[in-house]
Amino acid sequence: MVELPEEQRAAALRQVAEIGTRRTQLLAEAKELNDPLREAALKAARAGAPRTRIRELAGISSKTLYGWLEAAGLEVRTND
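The structure displayed is predicted, hence computed values, not measured ones. (Residues numbered from 1 in each chain as written. Predicted model: local features only at pLDDT ≥ 70, side-chain atom pairs only at ≥ 80, totals over all residues. Heavy atoms only, no water.)

Time to look at the overall build of the chain. Check the secondary structure of the chain and you find three helices and zero strands. Along the chain, helices (α) and strands (β) appear in the sequence α-α-α when read from the amino end. On the principal axes, the C-alpha backbone points of the chain span a range of 65 × 30 × 20 Å. Relative to its full complement of 80 residues, the chain shows a buried share of 10%. For the chain, the proportion of contacts with a sequence separation of at least 24, taken over those separated by at least 6, is 47%. Carbon and sulfur atoms provide 54% of the accessible area of the chain, an area that totals close to 6700 Å². Separation between the mean location of the 13 positive side-chain charges and that of the 12 negative ones in the chain comes to 6 Å. (Helix = DSSP H or I, 4+ residues; strand = E, 2+ residues; numbered from the N terminus. Buried < 20%, exposed > 50% of the residue type's maximum accessible area, 1.4 Å probe, protein only. Contact = heavy atoms within 4.5 Å. Areas by Shrake-Rupley, 256 points an atom, 1.4 Å probe, with all protein chains shown as cover. Lys, Arg positive; Asp, Glu negative; His and termini not counted. Charge placed at Lys NZ, Arg CZ, Asp CG, Glu CD.)

As structure tokens, this is what we get:
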């Protein structure tokens, strides 16, 4: 059976819609975890955990971690 171009487009758009919906859900879930992750990272830093290890386990960039630390009033070294 030959699929018509209209059917191909409809199938492709359904796939886009399904993936887009799932992506939106996952991004919303990730956003909900941001505050608890920040608090856990700060707790680990205050306890003396290595910052590189915190970043690795949290899956965040150094810019994000150091921004959190600075905002919390924790010491952040600068490379001047």
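What follows deals with the packing of helix H2 (residues 51–58) against helix H3 (residues 62–71). Contact geometry for H2 and H3: axes closest at 10 Å, N-to-C directions at 115 degrees. Crossing handedness for the pair H2 and H3: right-handed. Where H2 abuts H3, its residues Arg51, Ile54 and Arg55 lie against Ser62, Leu65, Tyr66 and Leu69. (Axes fitted to C-alpha atoms, helices over the stretch in contact; angles between N-to-C directions. Left-handed = near helix turned anticlockwise from the far one by under 90°.)

Turning our eyes to something else, we now look at helix H1 (residues 5–46). With 42 residues, H1 extends 60 Å between its outermost C-alpha atoms, agreeing within 8% with the 62 Å of an ideal straight helix rising 1.5 Å per residue. Of all the bends found along H1, the most pronounced is centred on asparagine 34 and spans about 35 degrees, while proline 36, a proline, follows it within four residues. Of all the residues in H1, the buried ones are Ala41, Leu42 and Ala45. Where H1 is buried, its residues contact H2 and H3. Looking at the residues trailing H1, positive phi occurs at glycine 48, about 90 degrees. (Expected span 1.5 Å × (residues − 1). Bend = angle between axes of the 7 residues up to and from the residue.)

Moving on, we come to the nonpolar core. Counting eight residues, the largest nonpolar core is built from Ala41, Leu42, Ala45, Ile54, Ile60, Leu65, Trp68 and Leu69. Contact partners of leucine 69, with chain neighbours within four places excluded, come to Leu42, Ala45, Arg51, Leu74 and Val76. (Core = buried A, V, L, I, M, F, W, Y, C linked by side-chain atoms within 4.5 Å.)

This part takes up the packing of H1 against H3. At their nearest, the axes of H1 and H3 sit 10 Å apart, and the two run at 75 degrees to each other. Between H1 and H3, the interaxial angle falls into the category roughly perpendicular. Contacts between H1 and H3 involve Asn34, Leu37, Arg38, Ala41, Leu42 and Ala45 from the first element and Leu65, Trp68 and Leu69 from the second. (Parallel < 35°, antiparallel > 145°, perpendicular 65-115°, else oblique.)

The next point concerns the pattern of salt bridges. Tallied over the entire structure, the rule returns four salt bridges. For the salt bridge of glutamate 39 with arginine 38, the shortest nitrogen-to-oxygen distance reads 3.7 Å. Take arginine 38: its relative accessible area is 24%, and that puts it in the partly exposed class. Within the structure, one salt-bridge network assembled from shared partners comprises Asp35, Arg38 and Glu39. (Salt bridge = Lys/Arg side-chain N within 4 Å of Asp/Glu carboxyl O.)

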